[in-house]
Amino acid sequence: MESAISSPLSTSSHLLPSPSRSSLGSRSQSFPSLQNLRHPSFKSRCFLGVPFRSRQTQPIRCQSSNQQPAKDDGFVIEDVPHLTDFLSNLPSYPNPLKQSQAYAVVKQTFVSTDDVVAQKVVVQKDDPRGVHFRRAGPREKVYFKSDEVRACIVTCGGLCPGINTVIREIVCGLNYMYGVEDILGIEGGYRGFYSKNTLRLTPKVVNDIHKRGGTFLRTSRGGHDTNKIVDNIQDRGINQVYIIGGDGTQKGAALIYKEVEKRGLQVAVAGIPKTIDNDIAVIDKSFGFDTAVEEAQRAINAAHVEVESVENGVGIVKLMGRYSGFIALYATLASRDVDCCLVPESPFYLEGRGGLFEFVEERLKENGHVVIVLAEGAGQEYVAQEMQVVDGKDASGNKLLLDVGLWLTEKIKDHFTKVQKMAINMKYIDPTYMIRAIPSNASDNIYCTLLAQSAVHGAMAGFSGFTVGPVNSRHAYIPISRVTETQNTVNLTDRMWARLLASTNQPSFLEGNALHERVDKEDVDVINHNMRATSI
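Everything numeric here is computed off the predicted structure, so don't read it as measured data.

## Some words on the overall build of the protein chain
When helices and strands are tallied, the protein chain shows 14 helices and 17 strands. Counting across all 536 residues of the protein chain, residues that qualify as buried make up 51%. Of the contacts made within the protein chain by residues no fewer than 6 positions apart, 75% connect residues no fewer than 24 positions apart.

As structure tokens, then:
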């Protein structure tokens, strides 16, 4: 169970009344006395005596009651929109959880308005406090009456273990915790808003869907037409929208929120980030990732059994990872049967000294077999060059990948049979769709429950245009732009990659100078990104 994050007001905040978000007026205020203090409720909140900077607003500084200017300690909060930002007279209501038997046992039922989650926890003594996000969880006040809520849920993009669990827990969370009974399922992705029928969702309807893979609501790529979607939301009287999907889907959710704000609609838009590749920025990991790594072990184990049972066995296992090789990385570390892991972030070459062919030959002579784990995005430039293929994209805007697994299989076969005159037994396994189509495991089921309930709490509390996820193991509300502005990739200068190289004893496929040049470029890219982020 999460523990509350202490703030400078934690000892007395429960004694202080909290006004509506619209009562603040200006972005910066001084508080002459403790008795007159109100919890600020603007886009970026301010703590007593604790200044901070916000990416959405100009720097805000607070003064303590003795009028002494507070020290600027670099506290920054990246806040999420609230319905009262454009509906200033929106009434609030007591949270129904006050009457909940389940939450009666909780010592602190509601999250404090001052609770935040730090993005960075490893700091040095004189470092600025850095970026923080609003902590997820139930609020004392809500901005929807339960019997007036009409919620909808939509799933978009590719499949991932755990989607059905998220759907189930959104429905059950709305119904059991807040008494919401009017919940719709939008079938077939974004285009389902204007071209498909909806499905009435109740706890009974979704009772056992978490035991199945895929998505109960079906999915599709593309089909995003902001005006049509918001028209449909408005026509149907929907006032809470829960959107489950990856990078492109979340960008679409941001557009929906902007249109809702433009029209002045009381509609909360909540995103639940989904990607099996674990490449979503800011959050600790994406749901379904643990399940994918666990299932990948079966394929790796099968390849290992096959190749050690024959002479000169070469096993290649292709795993998911379009731009990020996290599944391949973690599956390799977990397996201990892998000799070489190839990911999109680390280029490799086949021929010559230190190349893949030389490494495979050495392992065959040493062990009599070799297992290679290959992320689907690795080596794409080599395959495209040989096939003279022009880059294409799918309906979601993702780059269409060529089958690097079959390409590498043929390359290794040709080299050892024609050049080395050496007979090998090749075994190629591609479990891609098997992995992403299975139900989530116990760990992901629990994680999906927390994601769904956090999204429900946020929408009921009037937050909108946000996505939810764990930041340093504490769930937080994050601006959608922060999880879509960049993608997480395997850092070749990180200890985790060093652990993999130490585990497999594989070459880096980069000479010393080339490695340093690549590292320097990555550092420059990181610095440039941070400069852009600070200037927003």
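## A short note on the sheet that holds strand β13 (residues 340–342)
Taken together, the 4 strands give an open sheet; going across it, the order is β13-β14-β12-β15, and neighbouring strands pair in parallel fashion. In this open sheet, the two edge strands, each paired with only one partner strand, are β13 and β15 (425–429). In this sheet, adjacent strand axes meet at a mean angle of 15° when their direction is disregarded. Where strand β12 (residues 313–319) and strand β14 (residues 369–375) come together, 7 bridges link them in parallel fashion. Bridge pairing in β14 places I316 opposite I372.

## Quick word on the packing of helix α1 (residues 163–178) against helix α11 (residues 442–460)
Direction vectors running N to C along α1 and α11 enclose 50°, while the axes themselves pass 8 Å from each other. For the element pair α1 / α11, the angle class is oblique. In this structure, α1 crosses over α11, and the sense of that crossing is right-handed. For the pair formed by α1 and α11, the contact residues are T165, V166, E169, I170, G173, L174, M177 and Y178 on the first element and N445, C448, T449, A452, Q453, V456, H457 and M460 on the second.

## A look at the pairing of strand β11 (residues 268–273)
Taking burial as the measure, the 6 residues of β11 include 6 buried ones, the bulk of the element. Side chains A268, A270 and I272 of β11 all project onto a buried face; the interleaved residues V269, G271 and P273 project onto the opposite face, where all are buried too. In the sheet, strand β10 (residues 240–245) pairs with β11 via 6 bridges, with the strands oriented parallel. In the strand pairing of β11, I243 is matched with G271. Between β10 and its parallel partner β11, the chain crosses via helix α4 (residues 247–263), and the hand of that crossover is right-handed. In this structure, β11 lies alongside strand β16 (residues 466–471), joined through 2 bridges in parallel fashion.

## Some thoughts on the nonpolar core
Of all hydrophobic cores here, the largest spans 88 residues; its most connected members are I153, I170, L174, Y242, I272 and F287. Apart from the residues within four sequence positions on either side, Y242 is in contact with A151, C152, I153, V154, I170, L174, A270, I272, A455, V456 and A459. Membership of the second largest hydrophobic core comes to 25 residues, among which are F359, L374, M422 and I424.

## Details of unusual backbone geometry
Even without being glycine, N312 reaches a positive phi, approximately 50°. Mapped onto the elements of the fold, N312 is located in the loop between α5 (289–308) and β12. On the basis of relative accessibility, which here comes to 15%, the residue N312 falls in the buried class. Here R336, not a glycine, exhibits a phi torsion of approximately 70°, which is positive.

## With respect to the pairing of strand β7 (residues 150–155)
Most of β7 is tucked away: 5 of the 6 residues are buried. Across 5 bridges, the pairing between β7 and strand β8 (residues 182–186) is parallel. Bridge pairing links R150 to D182 in β8. Handedness of the crossover joining β7 and β8 through α1: right-handed. As judged from the 5 bridges shared by β7 and β10, these two strands associate in the parallel manner. Bridging across to β10, V154 finds its partner in I243.

## Some points on the packing of aromatic side chains
A full pass over the atoms with the stated rule returns 8 aromatic pairs. With centroids separated by 6.2 Å and ring planes inclined at 20°, the aromatic side chains of Y382 and W407 adopt a geometry described as stacked. Remark: W407 occurs in helix α9 (residues 404–419) and Y382 occurs in helix α8 (residues 380–387); sequence separation between them is 25 residues. By relative accessible area, which is 11% here, W407 ends up buried. Three or more aromatic residues joined by ring pairs form one cluster here, namely F348, Y349, Y382, W407 and F509. A cation over a ring is seen here: K228 above Y194, with NZ or CZ 5.1 Å from the ring centre.

## So, the pattern of salt bridges
Taken as a whole and judged by the stated rule, the model has 23 salt bridges. Linking R200 and D182 is a salt bridge whose minimum nitrogen-to-oxygen distance equals 2.3 Å. Residue R200 is found in strand β9 (residues 198–200), and its partner D182 is found in strand β8; the two are separated by 18 residues along the sequence. Its salt-bridge partner being K411, residue E386 comes within 2.6 Å of it at the nearest N-O pair. Of this pair, E386 sits in helix α8 while K411 sits in helix α9, and the two are 25 residues apart along the sequence.

## Description of the side chain of H132
Tracing the chain through its elements places H132 in strand β5 (residues 130–135). On the basis of relative accessibility, which here comes to 5%, the residue H132 falls in the buried class. At 2.9 Å, the side chain of H132 forms a polar contact with the backbone oxygen of G130. Residues in contact with H132, not counting those within four places in the same chain, are F75, V76, I77, E78, V116, V117, A118 and Q119.

## Some thoughts on α1
Side chains three or four residues apart in an α-helix point the same way, a direct result of the helix having 3.6 residues per turn. Helix length check: α1, at 16 residues, gives a terminal C-alpha distance of 22 Å against a target of 22 Å (1.5 Å per residue), a fit within 8%. Burial within α1 is extensive, with 14 of its 16 residues counted as buried.

## A closer look at the environment of K318
Tracing the sequence through the fold places K318 in strand β12. Setting aside anything within four residues of it in sequence, one finds K318 in contact with L374, E376, D403, V404, G405, Y428, I429, D430, P431 and T432. Within polar-contact distance, the side chain of K318 engages the side chain of D430 at 3.3 Å.

Cut-offs applied
- Residues numbered from 1 in each chain as written.
- Predicted model: local features only at pLDDT ≥ 70, side-chain atom pairs only at ≥ 80, totals over all residues.
- Heavy atoms only, no water.
- Helix = DSSP H or I, 4+ residues; strand = E, 2+ residues; numbered from the N terminus.
- Buried < 20%, exposed > 50% of the residue type's maximum accessible area, 1.4 Å probe, protein only.
- Contact = heavy atoms within 4.5 Å.
- Pairing = 2+ DSSP bridges.
- Axes fitted to C-alpha atoms, helices over the stretch in contact; angles between N-to-C directions.
- Parallel < 35°, antiparallel > 145°, perpendicular 65-115°, else oblique.
- Left-handed = near helix turned anticlockwise from the far one by under 90°.
- Right-handed = clockwise from strand over helix to strand, strands pointing away.
- Core = buried A, V, L, I, M, F, W, Y, C linked by side-chain atoms within 4.5 Å.
- Phe/Tyr/Trp six-rings, centres within 6.5 Å; stacked < 30°, edge-to-face > 60°.
- Lys NZ or Arg CZ within 6 Å of the ring centre and 35° of its normal.
- Salt bridge = Lys/Arg side-chain N within 4 Å of Asp/Glu carboxyl O.
- Polar contact = N/O pair within 3.5 Å; in protein donor to acceptor, adjacent residues only side chain to side chain.
- Expected span 1.5 Å × (residues − 1).

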